[in-house]
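# Structural description and commentary
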2 protein chains.
Amino acid sequence: MSKEKPSIPKGTRDFGPAVVVKRNYIFNTIKRTFEKFGYLPLETPAMEQLSVLTGKYGDEGDQLLFKILNSGDFLSKTKSEDIEQGYKHLTRKISEKGLRYDLTVPFARFVVMNRNEITFPFKRYQIQPVWRADRPQKGRYREFYQCDADVVGTNSLLCEAEIVQMINEVLTNLGLKDFTIKINHRGVLAGIAEAIGEKGREGDICVAIDKLDKIGKEGVRKELLERGISEAAISKLEPLYTLEGDNEQILGQLQTILGGTTEGERGLKDLHEVWMYLSALRSQALTATNESGNPRLMLDVTLARGLSYYTGCIFEVKVNNVSMGSISGGGRYDNLTGMFGMPGVSGVGFSFGVDRIYDVLEELQLFPDSSQVGTKALLVQFDKESEMHALPILQQLRDAGVASELYPEPAKLKKQMGYADQKSIPYVILVGSEEIATGKLKLRNMQLGEQQDLTIGEIISILTK
Amino acid sequence: MSKEKPSIPKGTRDFGPAVVVKRNYIFNTIKRTFEKFGYLPLETPAMEQLSVLTGKYGDEGDQLLFKILNSGDFLSKTKSEDIEQGYKHLTRKISEKGLRYDLTVPFARFVVMNRNEITFPFKRYQIQPVWRADRPQKGRYREFYQCDADVVGTNSLLCEAEIVQMINEVLTNLGLKDFTIKINHRGVLAGIAEAIGEKGREGDICVAIDKLDKIGKEGVRKELLERGISEAAISKLEPLYTLEGDNEQILGQLQTILGGTTEGERGLKDLHEVWMYLSALRSQALTATNESGNPRLMLDVTLARGLSYYTGCIFEVKVNNVSMGSISGGGRYDNLTGMFGMPGVSGVGFSFGVDRIYDVLEELQLFPDSSQVGTKALLVQFDKESEMHALPILQQLRDAGVASELYPEPAKLKKQMGYADQKSIPYVILVGSEEIATGKLKLRNMQLGEQQDLTIGEIISILTK
């Protein structure tokens, strides 16, 4: 047996109790909202066939897949030529499975495999880890959770409106107030490309303007030129970076600019309909404003996201006044399952970035006390008599639903109090000889440092409040 | 892109919404009890260093580890000799990580890595999947959840008593009534070996009597003889298979048989103390009886489990009158972290077999209706006017905490009702022209097939009852 100091693979993390409890608070808040909107959970295996995963994430993605060595003598079917042809060739001979890289491809695979049993529209959410052999760095891990919700099998824009509602509800329930939900539409982007005389070039335009935040207007101009967009087109494009006014005014200005283009018209019509739905739902996203006075839901024509996939509305969410990228995003797609030969499955989906949300809640100190508590009361014992006296009390506390512990040994008081402290247990109950004699127990509020002599009934009513 | 029909790796499963909801009901019931007893959640990465995993599960276990191919050009550091030496040798050159095989070794690794931050006694639970390259067969999967709770850093037998309490509480909360918690002690087994004249041979004896249920008394006799246990010893052993009486009487008989042996004394003393704790806790495990009239907690000297690991009390739980192996088990160990060079960490732990519990609850039809419900009410729409009328109602329902959906399209009534049916949505609310005119909505109870005309306020009070 190895006696060397053990370690964990780089880019992976252990989550100790305090962190798991806080992460679960986020997961549970998200799940509750998903379920309130009719989304139901799906879970797929960690391992997928490499034939399912390969070719879905581009060449770079294929490189980042974790591949699992075939069990047993994986070399039994290889020849020396297979090895001479290099690792990429050999991989296909000795590995048939890989770890899940995202939740979208497994979802598509599930839909195709169960097409005859699924009732559409199919609303599913999925909260599971994914693995990527990325170079680990601050905030980027090799194992991390994704948290997706998708509805497939309907084109109704009510789904888009409900995504705005769900984002608003989850973040509000997490205590966030100053955040912006950006929305745009692929049709608007295509319409812009056409209107500035670069029809069909929206891909290049989007890749460039997606970087506006990072490299600024001049940087984007340089990149657009490199990508072959004309000076004239860029000059027509730039005023769009800073459209002024509320959403309605911006929609109006866009109508003037894109009105003549088929794609632009499609995008504006969809956006109008999303607004109509939100307004009928009396959405807070329309009425709330952030600290700088802007509406919570903002039409942003510079929002691009990965265009290859999305075909309709796209979303992205940023918490304001916090140095953190987007914490949620998504959009509509036309063809989820085409990669597996099943055409015509359209839908819309989005996901939450739980690691980022965690960091934001920490920074803003928004984790509620209740999300940090495990055990509510620790019974402290001093000797065998005190232990025997404490046992039925322990049982009464648990019967009343109070998470409680009896320190399992008559250790020094300091040690037992230290245990309560380390575990952030808010109440300690002392069972000493005095307490046994009087029938009243000492209840110590660890936060306030106050003690009271109380009957067990009184203690239970305090602890179950 | 591949157009062939996609599949999932053998031995793995997709869990669709109905199954996830039921599994979560089991997980949540278990978690609630763990937390009530002061156990807190830990999560470790799916991948571990192979140096951490290898050599911990025996040669067979090493073969069953799923190994992950190193990223990038994994052949860059291999020579042709490495390949000629066969797959086992090559594996060490091209793979450094493997998938978690159980939750005990990662827990031990965590304790060693965090020894300076952990406050002992350390109570943790862990509910995560593990992976084994076993031959898949009925009830045996390559990916399955384990559900462990352990407390390390104390020798107090209160922990054993609390394990009995937790098992009793979880199974009772799941609706099970007729189950048996078997308990035994490693010292009792060693004492028996000594008392029958085969001191130190408890390993062989246990492997054999562990099969008593399967191969019967004669089968066990044959195996014991093969393992070199004498005829005389076996004849002394066999009466122990059928000790008569309640637990106290059995303890008394054992006292007579093992009283003189050090290990036997140790075991009986521990068992007496566990009973003392349970009695002070007024444990239902002592008072409840199963259908055949036996006590729920039963001392069973033929209970052996994997002896190499355990050193004190051992547990196993069976549901009676159901054809299913044990659904829970565990025991005390002396030396969790010795494998990583950190001696002296003793503890006791147990785990629930969630796949088996799931099958038992299905067989006995014990899943409550509430564990199967997602959406509570579906709003059915007929046209644009009805949709617009339904939207604020949808919002009111959700504001009241009712999981609800509006069918996103004005599809045929039959289709919308079919959707509610498929999703087991218990209530449907019809928003037709009549309802818009009268202000009363039609609420249909899908199970009873009854309809009522009600205001939205009345509906909410029914749905939130």
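Model, not experiment: these values are computed from the prediction. The residue numbering used here restarts from 1 in each chain and proceeds along that chain's sequence as written. Here the convention is simple: chains get letters from A, ligands get numbers from 1, in the order in which they are written. Only residues with pLDDT of at least 70 are given local features in this predicted model, and only at 80 or more are side-chain atom pairs given and counted; all residues enter the totals for whole chains, interfaces and linings. Side-chain metrics in this entry use all non-hydrogen atoms of the structure; hydrogen atoms and water are not considered.

## A word on the interface of chain A and chain B
Pairs of residues are marked as contacts when any of their non-hydrogen atoms sit within 4.5 Å. With 106 residues of chain A in contact, the opposing surface of chain B contributes 106 residues. A combined buried area of about 9200 Å² lies between chain A and chain B, and 63% of that area is made up of carbon and sulfur atoms. Salt-bridge detection follows one rule: a side-chain nitrogen of Lys or Arg within 4 Å of a carboxyl oxygen of Asp or Glu. Inspection of the chain A/chain B interface yields seven salt bridges. For lysine 123 of chain B, the salt bridge is made with glutamate 405 of chain A, and the minimal N-O distance between the two is 3.0 Å. Buried area: the accessible surface (1.4 Å probe) lost by two parts on joining, summed over both.

## Thoughts on the sheet that holds strand S12 (residues 377-381) of chain A
Residue and element names in this part refer to chain A. Taken together, five strands build an open sheet; the order of strands is S13-S12-S14-S15-S16 and the sheet is mixed. Sheet topology places strand S13 (404-406) and strand S16 (450-454) at the edges, where each strand pairs with a single neighbour. Each strand of the sheet is rotated relative to its neighbour by a mean of 20°, with strand direction disregarded. Here S12 runs beside S13; their pairing, made up of three bridges, is parallel. Pairing of alanine 377 across the sheet is with serine 404, part of S13. We treat two strands as partners when DSSP finds at least two bridges between them. Strands are runs of DSSP state E lasting at least two residues, helices are runs of H or I lasting at least four, and both sets are numbered from the N terminus onward. Where helices are involved, their axes are fitted lines through C-alpha atoms of the stretch in contact, as for all axes, and angles between N-to-C directions lie from 0 to 180°.

## Some details on the pairing of strand S9 (residues 313-319) of chain B
Residues and elements named next belong to chain B. We call a residue buried when its accessible area falls under 20% of the maximum for its residue type, exposed when it is over 50%, and partly exposed in between, using a 1.4 Å probe and counting protein chains only. When you tally the buried positions in S9, you get six out of seven residues, the bulk of the element. Direction of pairing for strand S7 (residues 179-185) relative to S9: antiparallel, over a ladder of seven bridges. Considered in S9, the bridge of isoleucine 181 is made with valine 317. The pairing of S9 with strand S10 (residues 328-333) spans four bridges and is classified as antiparallel. Residue pairing across strands places isoleucine 314 opposite glycine 331, the latter belonging to S10.

## Overview of the relation of the copies chain A and chain B
Least-squares fitting of one copy onto the other uses the C-alpha atoms of those residues that reach a pLDDT of at least 70 in both copies. Of the two same-sequence chains, chain A is brought onto chain B (RMSD 0.1 Å, axial shift 0.0 Å) by a rotation of 180°. In symmetry terms, the pair is related by a two-fold rotation axis. Considering only C-alpha atoms, the part of chain A nearest the rotation axis is isoleucine 68 of chain A, at 2.2 Å. The overlap is high: 100% of the interface residues of chain A also sit at the interface in chain B, so the same surface is used on both sides.

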